[in-house]
Amino acid sequence: MAKKKFDIDQGFEQLDEILTKLSGEEIKLPEAVKLYTEGVGIVKQCKDSLDKVEKELIILEENGEEHEL
């Protein structure tokens with residue numbers, strides 16, 4: 001089975017939903033820990049995705065400078 005590509009926009013939406021749930025007064029500790037753990041995983045995926053884009057931009061910038069000479 002192929003791994004689904006991470007969508008950073010969807011990741012931010014999931015984080016927003018988690019924050020909303022964690023802000024609720026009715027949440028029990030086990031559920032809060034579960035949501036927190038899920039949020040940490042999503043944050044890591046977002047960071048990895050942003051790092052990848054940053055590396056691609058650096059490469060494009062370096063290649064663009066080579067072509068301008």
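In what follows, the structure referred to is the one given above.
Before going into details, it helps to say that this report is about the structure given with it. (Residues numbered from 1 in each chain as written. Predicted model: local features only at pLDDT ≥ 70, side-chain atom pairs only at ≥ 80, totals over all residues. Heavy atoms only, no water.)

1. Concerning the pattern of salt bridges
Under the definition given, this model contains 2 salt bridges. In this structure, the salt-bridge partner of Asp48 is Lys44, at a minimum N-O distance of 2.9 Å. One end of the pair, Asp48, and the other, Lys44, are both in helix 2 (residues 29-68), 4 residues apart, so they sit about a helical turn from each other. Take Asp48: its relative accessible area is 37%, and that puts it in the partly exposed class. Classification of Lys44 as exposed rests on a relative accessible area of 51%. Residue Asp51 is joined to Lys47 by a salt bridge in which the shortest nitrogen-to-oxygen separation is 3.0 Å. Residue Asp51 and its partner Lys47 are located together in helix 2, separated by 4 residues, close to a single helical turn. The exposure class of Asp51 is partly exposed, given its relative accessible area of 28%. (Salt bridge = Lys/Arg side-chain N within 4 Å of Asp/Glu carboxyl O. Helix = DSSP H or I, 4+ residues; strand = E, 2+ residues; numbered from the N terminus. Buried < 20%, exposed > 50% of the residue type's maximum accessible area, 1.4 Å probe, protein only.)

2. Digging into the nonpolar core
Of all hydrophobic cores here, the largest spans 6 residues; its members are Ile8, Leu15, Ile18, Leu35, Ile42 and Cys46. Secondary-structure elements contributing two or more residues to this core are helix 1 (8-23) and helix 2. (Core = buried A, V, L, I, M, F, W, Y, C linked by side-chain atoms within 4.5 Å.)

3. Notes on helix 1
Its 16 residues place the ends of helix 1 22 Å apart at the C-alpha level, agreeing with the 22 Å of an ideal helix rising 1.5 Å per residue. A side-chain oxygen of the first residue of helix 1 lies 3.0 Å from the backbone nitrogen of Asp9; this N-cap is Asp7. (Expected span 1.5 Å × (residues − 1). Polar contact = N/O pair within 3.5 Å; in protein donor to acceptor, adjacent residues only side chain to side chain.)

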